[in-house]
Amino acid sequence: MSGHGAPVIDVAELNGNAGELKLAIVAASWHTQIMDGLIDGALRAAKEAGIAEPALVRVPGSFELPVAAARLAPHYDAVVALGVVIRGGTPHFEYVCQAATEGLTDVSVKTGTPVGFGVLTCDTEQQGLDRAGLEGSNEDKGHEAVTAALATAATLRRLGV
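It should be emphasised that the depicted structure is a prediction, and the values quoted were computed from it without experimental measurement.

(A) View of the sheet that holds strand β4 (residues 115-122). Reading across the sheet, the four strands line up as β2-β1-β3-β4 and stay open at both edges, with parallel pairing between neighbours. Each edge of the sheet is formed by a strand with only one pairing partner; in this case those strands are β2 (55-58) and β4. If you compare each strand with its neighbour and ignore which way they point, the axes differ by 15 degrees on average. As judged from the five bridges shared by strand β1 (residues 23-27) and strand β3 (residues 78-86), these two strands associate in the parallel manner. Note on β3: the bridge partner recorded for Ala24 is Val79. Across the face of the sheet, helix α4 (residues 92-111) comes into contact with β3 and β4 while running at roughly 170 degrees to β4.

In structure tokens, the structure reads:
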């Protein structure tokens, strides 16, 4: 509990206790090895939280994540968006990253459904591999995105909003 009396969900509380929540995972298809790691981490986090079979929806790329998340959000307690954008030699990187970030934020705010942000925005492929939850990775952003979305959904449910 916080000092203001509002219930706060400790991430540890989710372990096995989020089974009543409906979760959708939307994943881009570019950069297969990185995406496989992100999806594996996301599915592992869902299972650890007690969600046996979250919906998994694939879209072509990170630019398409917001529209899929927008369609899914009204039907789920939480949505997680997974993708990776790697900087190239053109401004394409900035446009896609900005569109995905703003679009996913907009989905969450407009629908009231928590959207876990698991979109990696990297300068190099190695940075993506380091964050993908693969063997030898430093981080597991797919797992983190699911945990954050479910913790937020559980908090909102506990608050009755």
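After that view, the rundown keeps rolling.
(B) Quick peek at α4. Across its 20 residues, α4 extends 28 Å between first and last C-alpha, which sits within 8% of the 28 Å expected from 1.5 Å per residue. Buried within α4 are the following residues: Phe93, Val96, Cys97, Ala100, Gly103, Leu104 and Val107. Looking straight down α4, one finds its buried side chains confined to an arc of 145 degrees; they lie on one side. Away from its buried face by more than 90 degrees, α4 exposes Tyr95, Val109 and Lys110. Lining the buried residues of α4 we find α3 (65-72), β3 and β4. Following α4 by one or two positions, Gly112 has its phi on the positive side, about 80 degrees.

About the thresholds
- Residues numbered from 1 in each chain as written.
- Predicted model: local features only at pLDDT ≥ 70, side-chain atom pairs only at ≥ 80, totals over all residues.
- Heavy atoms only, no water.
- Pairing = 2+ DSSP bridges.
- Helix = DSSP H or I, 4+ residues; strand = E, 2+ residues; numbered from the N terminus.
- Axes fitted to C-alpha atoms, helices over the stretch in contact; angles between N-to-C directions.
- Contact = heavy atoms within 4.5 Å.
- Expected span 1.5 Å × (residues − 1).
- Buried < 20%, exposed > 50% of the residue type's maximum accessible area, 1.4 Å probe, protein only.
- Arc of directions from axis to C-beta.

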